[in-house]
Amino acid sequence: MDEVFNVGETILLDGEPLSLVTRAGVEAWIDQGIRHSYRYDQVRDPLDGQMKYRCIFEKDGADVPFVLVNSPSSGDGRVVLFDQKPDAQPLRQ
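This structure is a prediction, so every number in the text was calculated from the model and none was measured.

J.: Teacher, can you tell me more about the nonpolar core here?
T.: In a soluble, globular protein the nonpolar side chains are often hidden away together inside. Counting ten residues, the largest nonpolar core is built from V21, V26, W29, Y40, C55, F57, F66, L68, V80 and F82. Looking at this core, the elements that each hand over two or more residues are α1 (23-32), β6 (51-59) and β7 (66-68). The next biggest cluster of nonpolar side chains, apart from the first, holds six residues, and it includes L13, I56, V67 and V69.

This is the structure:
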């Protein structure tokens, strides 16, 4: 599974929709030589109300940014949230 597009509730960033991508999807971009960048923004965790960080990817040629999510086939499919802003790339934890 390379990219997961949200078909239910829309996740927004600055009022604009986000697409979803798993770690496997980002790894596929790397394998295919697709240029991308990432950054973190801070959001409130809907489960515990604490401020956490989510990883936002921008892929060359895509109109919308992607948010990192757990794989729905092996996890819960939720947005990956970090308690602290990671110093390393999100795939190398």
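J.: Please clarify how the side chain of D45 should be interpreted in this entry.
T.: Residue position: D45 is located in the loop between β5 (36-44) and β6. When near neighbours in sequence (up to four residues on either side) are disregarded, D45 contacts Q50, K52 and L81.

J.: What is the right way to read the pattern of salt bridges from this model?
T.: Throughout the structure, instances matching the rule amount to six salt bridges. A salt bridge links D41 to R54, with the nearest nitrogen and oxygen atoms 2.9 Å apart. In this pair, D41 sits in strand β5 while R54 sits in strand β6, placing the two residues 13 residues apart along the sequence. What makes D41 buried here is its relative accessible area of 16%. With its nearest N and O atoms 3.2 Å apart, the salt bridge here joins K52 to D83. One end of the pair, K52, is in strand β6; the other, D83, is in the segment after β8 (81-82), and 31 residues separate them in sequence. Ionic contacts of the salt-bridge type, sharing partners, join the residues D45, D48, K52 and D83 into one network.

Conventions adopted
- Residues numbered from 1 in each chain as written.
- Predicted model: local features only at pLDDT ≥ 70, side-chain atom pairs only at ≥ 80, totals over all residues.
- Heavy atoms only, no water.
- Core = buried A, V, L, I, M, F, W, Y, C linked by side-chain atoms within 4.5 Å.
- Buried < 20%, exposed > 50% of the residue type's maximum accessible area, 1.4 Å probe, protein only.
- Helix = DSSP H or I, 4+ residues; strand = E, 2+ residues; numbered from the N terminus.
- Contact = heavy atoms within 4.5 Å.
- Salt bridge = Lys/Arg side-chain N within 4 Å of Asp/Glu carboxyl O.

What is shown is where atoms sit, not what they do.
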